[in-house]
Each structure stands twice: as C-alpha cells, then as structure tokens.
Amino acid sequence: MLNRVTFFLLLTVLPGIPAPAQSENPQQNSAQLPAAETATEQESSRKWLLRYLFEPETKLRYRSEESMTLRAEVGEQQRIDASRSRQVRCYTIQQVNPDGSARLAMQFEDVWMQKQIDDEEPVDFRSAMDPAEVPQIYRAVAHSLQGAAPVYDISVLGVSLSHDTNEETSSAGTTTNDSNSSESRSAGSFLMPLPEQQVGLGESWKEEFTVPVRGSRDLTLQITILRTFRLESVSEGIARISFRSSVKSPLRSPTIRSQLIQATPSGEFQLHLANGRMLSRTFRYSSTVIGALGPESLLTSVGTKTESLLLPATDALAN
C-alpha cells in the first residue's frame, strides 16, 4: 500500500416570427444606427472603480463548501483521499478608518468536515462535538477553533494591512495557514484583491505572493505564485471577475511541484459595486504531477470550493 499522502492547503429571423416593420422615413432609420453603435461603444469603453466598502459593526457571514479528491498512483497501486467540508465564518467590522480600511475579527459559527481514504468508512467532524468525540485526525482542527478570534486590518482593495493569519479550516482537516495554501498569504484572504485604478471590460490586473515549501529536511523554499484577474462583465450593478493562477518560480523537482498541487486554482468572484461587498467566489482545482512519489507515479488533485455571502436571517449550517 502507498504511504499516506498529505496534500496542502493551503458561462436570421426565426420562422414564423415577422421581421420588424421598416420605417417609412429612411432618414429616421439611418439616424438610429449610429445612436445604437454609440451606446455600444460607450459601454465597451466605460470603466469602473472597484472597491470594498466597510461599515462599523457590520457582520459579513460567508458559507463555504469544498470538495477535494487527491489520487496517488504508483504502478498498479493507487490511493484515493477524498475530503469534504462546509463551514460558516462571521467577520465583524470593528473599526473603519478615514481611508476606508477596516479592522475585522473572524469567528467560526459552524464547521463540518469529512474525510475518506479509499473504501474505508468516512470520518466526520463537527465543531459542536464533545472534545472526547473528536476523531484523532481532526483534533488539531478542533483545538484551533477554540482560540481567540483573530483581529486584522484590510484595505479597500482587499489587501491585508496586518500580520495575523486568517486560519480557515480546509476539507483536508488542516488550517489554511499551511505552507501549501494559496490563501494563507494574508489575513484578508477572504477577499479577492482589487485593482488600484479604474478598469474596463476585458482589462486585467495581477498579484504575486509567495508560499513556502520544503526543499529538503532542513531547507525551506519560497515559491512565487502569480494570479491574474480579469473584469468579465458588469450587469445590474454586479461585477464578475475571473482569475487564474500559475507558478512563477522555476520548478524542476516533482516533490516540490506536488506540494503546490493545490496552489494554482482558477475561478471567479462577484462584487456588488454599490455596497462594496464580495457576493461569492469559486475556486476550481485541477492539477497533475508526474514522478512525485517516485518512478511511474502520478499524483492528481481535483476539486472545487465555493463561497457565498449569507443574508442575516440565513441559518448557519445544515447537514
């Protein structure tokens, strides 16, 4: 059997329908076309200033659902590690500064996790469990949930201004301050970064951040991840932004690449322009590393993670 593999977190005219009646005034028709074209040009050239807006004492509650599958193959042997999680986090805006930046505190309202290896019986964890009932593999998670709510500062661009870590539990049974987590780089990682300047449809912006990986027993390497964002559409006051990730640092070792197998997701998020709130975001993971576990080995990670802003009256979590 394979050894346990630990992975890090780290969209003609139809028949029977008459064509629109033509105006008897040719000049009227010709005058309408430029107006329509001008409206289209104005929309395509319009730019938006994307910003997060914070209000004191406001609570932002996000529900996330994650499903990840890690498959390890060596020759004819294989091991499948399937994980699922659902959780609700509450961010309380404690203070808003003159420049619009804010201080927030995060607390978990409810957490549910499940882990299954091959055909073994799934192991479940719920934050409401009695400590004596918590399975061994989730005891570190249970302990982390008992800590004080982390407090940190975030700018109107979604950038962390503090050094605390937003420990978000993952479906793998660890917290995402793990070295492989692409979301552990900042305390404000529950918000996606926004551009400093106004952007139009199709325009993009980038961010770079580093994640540590083990180069050897006594060596830690800092690997640079590049993430590119693109404004895809603005409809009814909601901006839809896509993103994709890649490893910028040159990598040769399959062992190092395997530690980054979940560090380069793609996806999208939605921003409400009027109230400056992130409404939802989706991460998609799909990556394969050859040779990570030795000759004739294959390591594959596939999964999704979705988050959505909850209304005040929405229940925390239902299983």
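Overview of the structure. Every residue gets a number counted from 1 within its own chain, in the order that chain's sequence is written. Local features in a predicted model are, by the rule used here, given only for residues with pLDDT of at least 70; side-chain atom pairs are given and counted only at 80 or more, and totals for whole chains, interfaces and linings are based on all residues. To get the side-chain values, take all heavy atoms of the structure and skip hydrogens and water.

Here we look at unusual backbone geometry
Phi at Asp-118 takes a positive value of approximately 50 degrees, unusual for a residue other than glycine. Numbering goes from the N terminus for both helices and strands, where a helix is a DSSP run of H or I of at least four residues and a strand is a run of E of at least two. Assignment of secondary structure puts Asp-118 in the loop between strand E4 (102-117) and strand E5 (123-126). Assessed through its relative accessible area of 25%, Asp-118 is described here as partly exposed. Exposure categories follow from relative accessible area, calculated using a 1.4 Å probe and restricted to protein chains: below 20% of the type maximum is buried, above 50% is exposed, and the middle band is partly exposed.

Structural notes on the packing of aromatic side chains
Geometry of aromatic contacts follows a simple scheme: Phe, Tyr and Trp rings, the Trp one being its six-membered ring, pair when their centres are within 6.5 Å, and the pair is stacked under 30 degrees between planes, edge-to-face over 60, tilted otherwise. Scanning all chains against the criterion turns up nine aromatic pairs. Grouping aromatic residues by their ring pairs yields a cluster made of Trp-205, Phe-229, Phe-243, Phe-269, Phe-283 and Tyr-285. One Lys or Arg, Arg-86, reaches over the ring of Trp-112 and ends 4.2 Å from the middle of that ring. By definition here, charges over rings are those cases where NZ of Lys or CZ of Arg is within 6 Å of the ring centre and within 35 degrees of the ring normal.

Focus on the nonpolar core
Throughout this description, the term nonpolar core refers to a set of buried Ala, Val, Leu, Ile, Met, Phe, Trp, Tyr and Cys residues connected via side-chain atoms within 4.5 Å. In terms of nonpolar packing, the biggest core is built from 31 residues, with Leu-50, Tyr-52 and Phe-269 touching the most fellow members. Among the secondary structure elements, those contributing two or more residues to this core are strand E2 (59-74), strand E3 (77-96), E4, strand E6 (151-154), strand E9 (219-235), strand E10 (238-247), strand E11 (266-272) and strand E12 (277-290). Here, residues are in contact when the closest pair of their heavy atoms is within 4.5 Å. In this structure Tyr-52 touches Val-156, Leu-157, Gly-158, Leu-191, Met-192, Leu-194, Phe-269, Leu-271, Gly-276 and Met-278, once residues within four positions along its chain are discounted.

Examining the environment of Leu-273
Checked against the element boundaries, Leu-273 lands in the loop between E11 and E12. Between the C-alpha atoms of Leu-273 and Ala-239, which are 34 residues apart in sequence, the distance is 6.9 Å. Excluding its chain neighbours within four sequence positions, the residues that come into contact with Leu-273 are Trp-48, Leu-50, Val-234, Gly-237 and Ala-239.

Points about the environment of Glu-208
Take Glu-208: it is sitting in strand E8 (residues 204-216). Here Glu-208 falls in the partly exposed class, since its relative accessible area comes to 46%. Beyond its immediate sequence surroundings of up to four residues, Glu-208 is in contact with Thr-224, Ile-225, Leu-226 and Lys-248.

Quick look at the pairing of E3
For E2 and E3, the ladder comprises 16 bridges, and the chain directions are antiparallel. Its bridge partner lying in E3, Arg-63 is registered against Val-88. Strand pairing is assigned whenever DSSP detects at least two bridges linking the two strands. Adjacent in sequence and paired antiparallel, E2 and E3 are bridged by two residues, among which Gly-75 carries a positive phi angle near 65 degrees. Bridge analysis of E3 against E4 gives 15 bridges, and the strand direction is antiparallel. Paired with Gln-95 across the strands is Arg-103, a residue of E4. Connecting E3 to the next strand, E4, in antiparallel fashion are five residues, including Gly-100 with a positive phi near 95 degrees.

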